[in-house]
Amino acid sequence: MSAAATCDRKRLRVRVSGAVQGVGFRPYVYGLAMRYGLAGFVINGPEGVLIEVEGHRTSEFIAALPQRGEAGPVIVVTSANLYGEPLLIDNVEALRQLKGVADLVVTHDRDILACADDSVVSVAAGRDQFIRRARGYVPEPIRLARSVPPVLAVGGILKSTVTITRDDQAFVSQHIGDLNTAESIRAFEKTIRHLTSSLGVEPVAVAHDLHPDMASTRFAEANARALVAVQHHHAHAAAVIAEHGHAGPALALVLDGHGFGSDGGNWGGELLLCEETSSQRIGHLAPLQIPGGDRAAREPWRMASAVLHGLGRGNEIGQRFAAQRQAGCLSDLLDQPGGTTTTSAGRLFDAAAALLGIANLQSYDGEAALKLEALVRGTTILEAGWTIEGGVLSLGPLFSRLIADDIDAAGGAGLFHGTLAAACVDWVTRSARTTGINTVVLSGGCFLNAVLADKIPRGCSDAGLTPLVPRRLPPNDGGLSLGQAWIAALKIAQQPPAGQELPDMCLSVPAKIAKILPNEMALVFIDGVNLEISIVLLDELDVGDFVLVHVGYALAKIDPAEAKRTLELLQELGAAKECRS
């Protein structure tokens, strides 16, 4: 490429206001960009439509955009709900809440019994991929590999769904939304009542996320005696396993934004070994500091700063992100020991977007990652762009390249996607050779990214592995409840009929703390066996305390008298041979 051609390349940001947000405008802009060979993105915003383009024919693109007065009025017809709230199905409530927002509310004299959002489906790797599963697909059941007891699974807190099993079928609810408002939680509870009533099922147990402070977890704890806690990324993997009816062990690569780990940490880029109802963490992405905690998920420049700090270039933070008020002091914060870390794959997308100048802040979930993906016109792989040691995948060499002065946003986006995909394939392939397991489950919200959804399964297949991907549910948290339901149902099914000897560990067994171990673990005695359990869900435990143990976790602290009575009852049933203290 000549020097003149290089100088002719421009990057422009255009904001279009007025009646532009009707159906068809963004596809029109996309078509123009393709016509003139431009990279970039187009999104709706509070002040109109924001367009960014980069290439050699930006002036022709600008000239082709409609000017003021050229387009007629546009009517926007959309669902009746405020941002972040569930759909309104009551005429009176709709008229009250949408007053001042909508010019017209269309009502009907026939009441709506249950709300259902529009389903959203994209095309990735030449196949349909759910982003949101609702109207048109619910309540069609997902056929399971075997008949299981009836259980209710309540999902997570984002992109919420619930699942109820009945015989060999799993009924996954419509998309409910994020459980961060009172109205959305009421809609969540109403959905459970409606689905339970419609199916005529009385669940024998409730499955929930391991995170103790989710609205869905609190609902489960308040409404059920038999609880099964399922680790977030294990549930992601189990949803795909259940959908495909896979039997036997499987590796699982789960890439998402955040999930509560079994060690109490912030997980999000995990390599698991799953079999039956168990999972083992055999690898994860290299931990990265998250300065500001949850705020870092809304401000990608913070994750970029953590990357710079990790590369020994923390002194550049203030200069690179001078527009951010706290940039000057963030390096000192990152220097302090004991900072919170994450293995999140989603935060790596945020860091890359900020380092390439694409997005320092984001106003909605996944904005930085979407803008980064939109710039990809082709992928390249950085040789030696990653390292794998002890099951830990580090992309440090890739980020060192992304912060170089001679790389533009589009080139960096292609390099990031191509190298990340290649690194993941290498990671999984090495683990397959080590374990002898050739089936690999691919799930998590990052697989909504069309590039990863194409490159990683293709790379696994080329390496002789069998990839399993979500087809009937989204890879994001919309599929979480199915995985929870499958694991819980299998656990319940493993319990013997009444009158038969119970297994060594029933749903809940009292145990006495013998020793407090590092990393929020403790040593207890159950059935004469030394057992290490996680005590991450409880505070202020001491040696000698009695706890209720369930699938390796201390769920509650109980008094000695209650523990004694429970142990005596279990011994009568044959559930506990002895409990040494």
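Placed above this text is the structure.
Rules behind the numbers
Residues numbered from 1 in each chain as written. Predicted model: local features only at pLDDT ≥ 70, side-chain atom pairs only at ≥ 80, totals over all residues. Heavy atoms only, no water. Core = buried A, V, L, I, M, F, W, Y, C linked by side-chain atoms within 4.5 Å. Buried < 20%, exposed > 50% of the residue type's maximum accessible area, 1.4 Å probe, protein only. Helix = DSSP H or I, 4+ residues; strand = E, 2+ residues; numbered from the N terminus. Contact = heavy atoms within 4.5 Å. Axes fitted to C-alpha atoms, helices over the stretch in contact; angles between N-to-C directions. Parallel < 35°, antiparallel > 145°, perpendicular 65-115°, else oblique. Left-handed = near helix turned anticlockwise from the far one by under 90°. Nonpolar A, V, L, I, M, F, W, Y, C, P; charged D, E, K, R; others polar. Expected span 1.5 Å × (residues − 1). Salt bridge = Lys/Arg side-chain N within 4 Å of Asp/Glu carboxyl O.

## Re the nonpolar core
Counting 71 residues, the largest nonpolar core has Leu 253, Phe 399, Phe 416 and Ile 456 as the members making the most contacts within it. Element by element, the count of residues in this core is highest for helix H15 (residues 409–435), at 14 residues. Those residues in contact with Phe 416 that sit more than four places away from it in its chain are Leu 348, Phe 349, Ala 352, Leu 372, Leu 398, Phe 399 and Leu 402. Judged by nonpolar contacts, the second largest core, of 36 residues, contains Ile 142, Ala 238, Ala 250 and Leu 468.

## Re the packing of helix H12 (residues 346–355) against H15
Helix packing for two helices is described by the angle between their axes and how far apart those axes are. Taken N-terminus to C-terminus, the directions of H12 and H15 make an angle of 155 degrees; their axes are 11 Å apart at the nearest point. The pairing of H12 with H15 is recorded here as roughly antiparallel in orientation. For the pair H12 and H15, the sense of crossing is right-handed. For the pair H12 and H15, the contacting residues are Leu 348, Phe 349 and Ala 352 in the first and Phe 416, His 417 and Leu 420 in the second. A class-by-class count of the residues in the contact of H12 with H15 yields five nonpolar, one polar and no charged.

## A closer look at helix H17 (residues 480–493)
For H17, with 14 residues, the first-to-last C-alpha span of 20 Å sits near the 20 Å given by 1.5 Å per residue. Burial analysis of H17 places 13 of its 14 residues in the buried class, the great majority of the element.

## Examining the pattern of salt bridges
Inspection of every chain in the model, using the stated rule, returns 21 salt bridges. Note that Arg 135 and Asp 118 form a salt bridge whose closest N and O atoms lie 2.2 Å from each other. Here Arg 135 is found in the loop between strand E5 (127–132) and strand E6 (142–148), whereas its partner Asp 118 is found in the loop between helix H4 (91–97) and strand E4 (120–124), with 17 residues between them in sequence. Of the residues examined, Asp 118 reaches a relative accessible area of 45% and is grouped as partly exposed. Three or more residues are tied together by salt bridges with common partners; here these are Arg 11, Arg 13 and Glu 52.

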